[in-house]
Structure formats: structure tokens, C-alpha cells
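Observations on the three-dimensional arrangement
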Amino acid sequence: MKNYLAILLLVITVLPSIAPAQKPAPAEIIQLQGPQNPRLGFIIHGGAGVIAKGSLTPQQEKAYRDKLEEAVLAGYKALQAGKPALDAVEIAIRILEDSPLFNAGKGAVFTHDGKNELDASIMDGKTLAAGAVAGVHRVKNPITLARAVMEKSPHVMMIGDGAEQFAAEQKIELVDPKYFWTQPRWDALQLILKEEKDKSSKPEAQGQKPKSVSRREAAELPYNKFGTVGAVALDKDGNIAAGTSTGGMTNKKYGRVGDAPIIGAGTYANNQTCGVSGTGWGEYFIRLGVARDISSLMEYRALPIQAAADLVVKRKLQGLGGDGGVIAMDKFGNIGISFNSEGMYRAYINKEGKPVVEIYGK
Ligand code: ASP
């Protein structure tokens, strides 16, 4: 009897530790293979920030709504025509880049020294191929250049003059940097510079390191509520793509790069999980690897898309002191929208195939 007990004890205590690692229970991992829902899906954003109800005139609100609807429908039409998710993402982002309303392409914000420095990235969820550009001054549509980096070069990211040389080689449209000059963005920079000057000239600030205006303070300034653009698409073959394009943050120091062109921070796509595009205080998105984290929560913890997005944006990002939001879509076309700012310009195609445009929080 004693011997039996000893053997039983051995089996219970020792064997599990020398047994080969167990596979995780099926419920803990998401289904990595298998048929995908053929539903098409498309969602875009036009930036997150302090967008309080009533802060836009009816005309301004209409202009935003119309442009978002135009972009979401253009991308969706491409998907309906059988085009790949990457095309839908590029088409919609180009429309938003060409509009002065958004902080990307034409409407890019100004750096501290009065320039426009653009960043963008795109990712293919089927192959995990990705392309990104940062700090370009002359590329009319940075999302198209990001896609060229992905498809026509062996690299993932190109920056500055080199990226523009590559753009010229690829016959991608270059413009005079003056093309990006817009009055509201210029005024926003002047306001922030003045605030900075006023702050540093206050007696208590004498002898202290000049403090720059925070994103939260900056976002409250007029004309500075409108951010980055992004898109996530699911095509008829079940492929997901995501892309993001931005002018960054008003008054950013020369050479600063945010999260938008950082794969895993501002943009991520993986057919096995989801696609994500973010907007907000880029430094925090980079530290948290926001977009990849949402994908990982789906992959390793089998969280649904909305729960994964909320956990990262409302708990982790918020907890660290960052603000912003994400749009996301899983491999079945379910969407996740999460932001901890007052509003986020966004539009998507609903289950009935109709465009829905939203601006404010719920
Ligand atoms: N995420 C962008 C950046 O930090 C800015 C934004 O989305 O408003 O460059």
C-alpha cells in the first residue's frame, strides 16, 4: 500500500515537470486556419482629439462628414469590384491626404521650424509585408510611397531625402513643399509658439528648461483638433490590410517621427487576427506597441476585436497618460473602435453595406 502511495505521489509531482510542454487548450488560441467569412469590410479614421459636440460649425461638420463618406465609399467600391484590401486602403487614404481637412498630405501640420514632415505606413495581413516612410517633405501622397517601399524595394522603411529619391525613381508624384502650406495649420503653430514663449517668459519659468506645450494643451487650441488618417480593409479573399498617414504633431521638433510609420505601433495587419490603424499621441503608441498589442491579445488571449482594442486604448494607453484611438477589423469583418479622446473622425461600412460616419464619443 505504502509503495502504491509513493508511486502515485511520484506520478502527481514529478511527471508533469518532465513531460513535454502541453499544447495550450484549444479555447485559449484563436483559430489560425480555416475558412474565412467572405464578408467585405472597410473602416477609416480621420484622427482623434478634442472634438466636443458643438465645436464645429454645421458647415465644418458637413465638410468632414462628406469627405469621410467619400473616402469610405471609394475604398468599399474597390473591394466590391474585387480589388485587394491594399488597394482599398490606399484609395481611401489618398482621398483624405488630398483634403486640407485632415492632418495628412495636403492638410499636414507644421513642425517647430515651420515645415511639413510627413509619415505613412501600410501593411499586408496576408504576407506580413510592410512599407513605411518618414520625414518626407515633397511627396504628395505618402501612403503610395509607403506601398512602393513595400512592393518595389527589399526594405520596410525609408526616410527623408532617400525616400524622396526612391519616390522619384518610382515616378511617384512630388510637389513643391509649399503645396502643404495651409492657413489653419500655420495659425495653430503660431498659437503654440506664442503659448510656449509666454510660458517661458513667466518669472517662475526663468532659469528653467523651456517647457513645450503638451499634446493635450495643443489639442485644445483652435484648428488643432484634426489628426492623422487611416484605413483597415478586408477583401473578398479574406485578406486584411491596414494603413496610416500623418503630418505628425504640431510643433514637433525637426526629425521627430511618431507612431504612424512604425509597424506595430500605429499600423498592423495580420490575416490570422486583425488590422489596426491608430491616431493619437504617437510617443505613447510607440512605447506600447499599440497596434501589435491588439493583434497579440486576439492571438494569445482570444479576445474579441472590441475588447482587445478597449483594453489597449482605455486601460494601457490611458494608464500611461497617452491619448488617442484606433480603428480595427478582425478576419470576419467585425470592427473595433476605441478612443479615449473626446472624439474621433471615423466611417465604416455596416452589415447592410451602408456607410456610417461618426465624429463624437457615445
Ligand atoms: N499619431 C500621430 C503622431 O504622433 C498624430 C495623430 O494621430 O494625431 O505623429
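For the structure itself, consult the block above.
Here the structure is a predicted model, which means the values were calculated and not measured.

Concerning the overall build of the protein chain
- Secondary structure assignment for the protein chain yields eleven helices and twelve strands.
- Relative to all contacts within the protein chain whose residues are 6 or more apart in sequence, the contacts with residues 24 or more apart total 70%.
- When the accessible area of the protein chain is evaluated, it comes to approximately 16,700 Å², of which 58% is carbon and sulfur surface.

Section: the site of the ligand
- For the ligand, the set of nearby residues contains ten residues, the closest of which are T228, R256, D259, T279 and G280.
- T228 places a side-chain nitrogen or oxygen 2.6 Å from an oxygen atom of the ligand.
- One of the side-chain N or O atoms of R256 is found 2.8 Å from an oxygen atom in the ligand.
- In the complex, the protein chains occlude 99% of the 270 Å² of accessible area that the ligand would expose alone.
- Of the residues assigned to the shell around the ligand, the class counts are one nonpolar, six polar and three charged.

Examining the sheet that holds strand β8 (residues 274-280)
- One open sheet accounts for four strands, arranged β7-β8-β9-β10; its pairing is antiparallel. For this open sheet the edge positions go to β7 (267-269) and β10 (335-339), each flanked by a neighbour on one side alone. Neighbour-to-neighbour, the strand axes of the sheet open up by a mean angle of 10 degrees, direction not taken into account.
- Across seven bridges, the pairing between β8 and strand β9 (residues 324-330) is antiparallel.

Points about the pattern of salt bridges
- Taken as a whole, this structure holds 15 salt bridges when the rule is applied.
- Taking the shortest distance from any N to any O, the salt bridge between D98 and K140 comes out at 3.4 Å. On the criterion of sequence distance, the pair formed by D98 in the loop between α4 (85-97) and β2 (118-124) and K140 in the loop between β3 (130-136) and α5 (142-152) is long-range, its members being 42 residues apart.
- In this structure D98 comes out as partly exposed when scored by relative accessible area, which is 33%.
- Relative accessible area serves as the criterion here: at 15%, K140 is assigned to the buried category.
- Where K236 meets D237, a salt bridge forms, and the shortest distance between an N and an O atom there is 3.4 Å.

Thoughts on the packing of helix α10 (residues 290-301) against helix α11 (residues 305-320)
- Between α10 and α11, the shortest axis-to-axis distance is 9 Å and the interhelical angle comes to 135 degrees. When the interaxial angle is binned, α10 and α11 end up oblique. As α10 packs across α11, the resulting crossing turns out to be right-handed. Residue-level contacts link V290, D293, I294, L297, M298 and R301 of α10 to I305, A308, A309, L311, V312 and K316 of α11.
- Of the residues assigned to the contact of α10 with α11, the class counts are nine nonpolar, no polar and three charged.

Regarding the environment of E61
- Position of E61 relative to the elements: it lies in helix α3 (residues 58-80).
- For E61, the residues in contact, after removing those within four places along its chain, are L56, I359 and Y360.

Brief notes about a nonpolar patch on the surface
- Judged by side-chain polarity, V156, M157, I159 and V257 come together as a nonpolar surface patch covering roughly 320 Å² of accessible area.
- Among the structural elements, I159 can be located in strand β4 (residues 157-159).

So, the pairing of strand β11 (residues 343-349)
- Counted residue by residue, β11 has seven buried out of seven residues, so it is predominantly covered.
- Every second residue of β11 is oriented toward a common face, with G343, Y345, A347 and I349 on one face and M344, R346 and Y348 on the other, all of them buried.
- By the bridge criterion, five bridges tie strand β1 (residues 41-49) to β11 in an arrangement that is antiparallel. Looking across to β11, one finds that A48 is bridged to M344.
- With five bridges connecting them, β11 and strand β12 (residues 355-360) associate as antiparallel partners. Paired with A347 across the strands is V357, a residue of β12.

Some remarks on unusual backbone geometry
- A positive phi is found at K171, a non-glycine position, where the angle reads about 60 degrees.
- The topology assignment puts K171 in the loop between α6 (160-169) and α7 (183-201).
- What makes K171 exposed here is its relative accessible area of 75%.
- With a phi angle near 55 degrees, A302 is a residue other than glycine that sits in the positive phi range.
- Residue classification places A302 among the partly exposed positions, given a relative accessible area of 32%.

So, the side chain of N239
- With respect to the helices and strands, the residue N239 is situated in the loop between β5 (229-234) and β6 (240-246).
- Here N239 falls in the buried class, since its relative accessible area comes to 13%.
- Polar contacts involving the side chain of N239 include one to the side chain of N271, which spans 2.6 Å.
- Once residues lying within four places of it in the same chain are set aside, the contact partners of N239 are A85, K126, A233, L234 and N271.

Points about the packing of aromatic side chains
- If you walk through the whole model with that rule in mind, you get eight aromatic pairs.
- An angle of 15 degrees between the planes, with centres 4.5 Å apart, marks the rings of Y64 and Y345 as stacked. Of this pair, Y64 sits in helix α3 while Y345 sits in strand β11; the two residues are 281 residues apart in sequence, bridging distant segments of the chain.
- Its relative accessible area of 0% is what places Y345 among the buried residues.
- Relative to F180, the ring of Y179 lies with its centre 5.0 Å away and its plane at 80 degrees, an arrangement referred to as edge-to-face.
- Overall, the relative accessible area of 22% leaves Y179 in the partly exposed class.
- Through a chain of ring-to-ring contacts, the aromatic side chains of Y64, F102 and Y345 assemble into a single cluster.

Analysis parameters
Residues numbered from 1 in each chain as written. Predicted model: local features only at pLDDT ≥ 70, side-chain atom pairs only at ≥ 80, totals over all residues. Heavy atoms only, no water. Helix = DSSP H or I, 4+ residues; strand = E, 2+ residues; numbered from the N terminus. Contact = heavy atoms within 4.5 Å. Areas by Shrake-Rupley, 256 points an atom, 1.4 Å probe, with all protein chains shown as cover. Near = heavy atom within 4 Å. Polar contact = N/O pair within 3.5 Å; in protein donor to acceptor, adjacent residues only side chain to side chain. Nonpolar A, V, L, I, M, F, W, Y, C, P; charged D, E, K, R; others polar. Pairing = 2+ DSSP bridges. Axes fitted to C-alpha atoms, helices over the stretch in contact; angles between N-to-C directions. Salt bridge = Lys/Arg side-chain N within 4 Å of Asp/Glu carboxyl O. Buried < 20%, exposed > 50% of the residue type's maximum accessible area, 1.4 Å probe, protein only. Parallel < 35°, antiparallel > 145°, perpendicular 65-115°, else oblique. Left-handed = near helix turned anticlockwise from the far one by under 90°. Patch = residues over 30% accessible without salt bridge, like charges linked within 9 Å, V, L, I, M, F, W, Y side chains within 5 Å. Phe/Tyr/Trp six-rings, centres within 6.5 Å; stacked < 30°, edge-to-face > 60°.

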